[in-house]
Amino acid sequence: MTLAMNQGDLIYFDNAASTPVLSEVIQEMVPYLGNHYGNPSSQHTFGFNTSRAIEKARRHVAYLIGSSPDEITFTSGGTEANNLAIKGSISRLGINNDNKGTVLISSSIEHDSVLQPFNSLKAQGFNVKFVEVNREGIVNLESLLEILKKDKVMLVSIMLANNEVGTIQPIKELTKITHENSNALFHCDAVQALGKIPIDVKHLDVDLLSLSSHKIYGPKGVGAIYTRDRDQLTPLIDGGGQEKSLRSGTENVYGIVGFGGACKIASANLNENWSKIKKLRDYLIDRVLSAIPRCHVNGSRSQRLPNNAHFSFPGVKGEDIIVKLNEYGIAASTGAACSSNKAKPSHVLKAMGLSLLEIEGSLRLTLGHQNTMYEVERVILALEETIKELRRHSGFPNN
Ligand SMILES: Cc1ncc(COP(=O)(O)O)c(C=O)c1O
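Remember, predicted model here, so these are calculated numbers, not experimental data. (Residues numbered from 1 in each chain as written. Predicted model: local features only at pLDDT ≥ 70, side-chain atom pairs only at ≥ 80, totals over all residues. Heavy atoms only, no water.)

So, the overall build of the protein
No. 1: Broken down by element type, the protein carries 12 helices and 12 strands.
No. 2: Its C-alpha atoms give the protein a radius of gyration of 22 Å, within 12% of the compact-globule value 21 Å for 399 residues.
No. 3: Projected onto its principal axes, the C-alpha positions of the protein cover 65 × 55 × 35 Å.
No. 4: Residue burial in the protein is summarised as follows: out of 399 residues, 56% are buried. (Helix = DSSP H or I, 4+ residues; strand = E, 2+ residues; numbered from the N terminus. Rg over C-alpha atoms; globule rule 2.2 N^0.38 Å. Buried < 20%, exposed > 50% of the residue type's maximum accessible area, 1.4 Å probe, protein only.)

Quick notes on the pairing of strand β4 (residues 127-131)
No. 1: Sheet topology places strand β3 (residues 103-107) next to β4; five bridges connect them, and they run parallel. Among the inter-strand pairings, Ser106 is bridged to a residue of β4, identified as Phe130. (Pairing = 2+ DSSP bridges.)

Some words on the state of the cysteines
No. 1: Enumeration over the complete set of coordinates arrives at zero disulfides.
No. 2: Free cysteine Cys188: the closest other cysteine sulfur is in Cys263, separated by 15 Å. (Disulfide = S-S within 2.5 Å.)

A closer look at the environment of Leu365
No. 1: Tracing the backbone shows Leu365 in strand β12 (residues 362-366).
No. 2: Look at Leu365 and you get buried, because its relative accessible area is 0%.
No. 3: Residues Leu365 and Tyr217 lie 148 residues apart in sequence; the distance between their C-alpha atoms is 17 Å.
No. 4: Apart from the residues within four sequence positions on either side, Leu365 is in contact with Phe13, Leu284, Asn307, Asn308, Ala309, Phe311, Ala332, Val379 and Leu383. (Contact = heavy atoms within 4.5 Å.)

Describing the site of the ligand
No. 1: Residues in close proximity to the ligand total 14 residues, the closest being Gly78, Thr79, Asp189, Ser212 and Lys215.
No. 2: A distance of 2.9 Å is found between an oxygen atom of the ligand and a side-chain nitrogen or oxygen belonging to His214.
No. 3: Side-chain polar atom of Lys215 to an oxygen atom of the ligand: 2.6 Å apart, as the coordinates give it.
No. 4: Its free accessible area being 390 Å², the ligand has 88% of it covered by the protein chains.
No. 5: When residues in the shell around the ligand are grouped by element, the largest group, three residues, is from helix α3 (residues 78-90).
No. 6: A breakdown of the residues in the shell around the ligand according to their chemical character gives two nonpolar, 10 polar and two charged. (Near = heavy atom within 4 Å. Polar contact = N/O pair within 3.5 Å; in protein donor to acceptor, adjacent residues only side chain to side chain. Areas by Shrake-Rupley, 256 points an atom, 1.4 Å probe, with all protein chains shown as cover. Nonpolar A, V, L, I, M, F, W, Y, C, P; charged D, E, K, R; others polar.)

Things to note about the sheet that holds strand β8 (residues 223-227)
No. 1: Strand order in the open sheet formed by seven strands is β2-β8-β7-β6-β5-β3-β4, with mixed pairing between adjacent strands. Strands with a single pairing partner mark the edges of an open sheet, and in this sheet they are β2 (72-75) and β4. Within the sheet, the average angular offset between the axes of one strand and its neighbour, ignoring direction, is 20 degrees.
No. 2: Bridge analysis of β2 against β8 gives four bridges, and the strand direction is antiparallel. The residue bridging Thr73 from the neighbouring strand is Ile225, located in β8.
No. 3: In the packing of helix α4 (residues 112-123) onto the sheet, the strands contacted are β3, β4, β5 (153-157) and β6 (185-189), and the crossing angle to β3 comes to about 155 degrees.
No. 4: Against the sheet, helix α6 (residues 171-181) contacts β5 and β6, and its axis sits at roughly 160 degrees relative to β6. (Axes fitted to C-alpha atoms, helices over the stretch in contact; angles between N-to-C directions.)

Dropping the structure here:
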């Protein structure tokens, strides 16, 4: 695995927002930006070349999640996959007298690309319920079971791993109680988990699963949806009938090729590479906790993505930490990249029951294959200095 990124002394600890594209992946993509420009639907050699490349990529994506290739449909990313899963499985119902009481379930810590489709279904008259999570960010099974037993539920959507705090949900147990107690489809947003922890859709027993390429060292603007039964979805985009009519539009061939290449590499390196990153991450957490007074880790320590470290530093503002770290050449985040430019407190941390002081002072550091022990040491020193300085200004004790 080779990383193309070389940006001088800059340190990148925001891999949950996006990852650098691997050099091998770029090399695989280049021919499809050059000589292999045929439309995959064309019935000549140029078209056959690109459609073959798409099918090869589909096999790599399928292999990484234990599905068969014909259960994979390429999309423009995780956001589209989530919208297709949620709106596509419900829109065919419409709102009529038969399903007026229909309940749709999600969790209070989902990504906006899940929450917003549910909000738009709510506006159409569907009854949407959000199950709560505990202090570690783990979904309450009893709350889900209670709704399933009481209501007519059509769809449950719960993420595999959270993008802010990295908490991993017990999806196998959640699908079990869902399928035992309802006819609901179970959708899972696996965008953050893909390539970091083993995923087997048959074992998890999910009906729909969303994936994205740019979180696993592939290019941006491409993702996929796994469908156990594609007939249960209505397409969001109609047109030329590409992707067996589930997602029309000429395929993003080089993007798909890159995504396939990234999945192939992720499959080969799943355990070995992540155990190295997990060690670095654990070292980072332990050192920060001992070097900086009055701070703590958010989320579960055991049920957690191997690259996620998420802290609260009361008495400082997360945005100020980011600015200061950036001055040290370190890229970090307060949480979700897509909402980090909005000054609103994280709905995830709120749902986990953190106080405003803890939410305001939150910081997410997410590691990747490119990070080294030297970089971890530099981040710890910079963070120690940053918190000391910001607390001096805010008057919050730092001992
Ligand atoms: C959990 C989760 N779901 C969905 C998405 C959206 O994926 P994409 O950026 O490919 O649209 C993200 C991106 O941050 C995410 O973290």
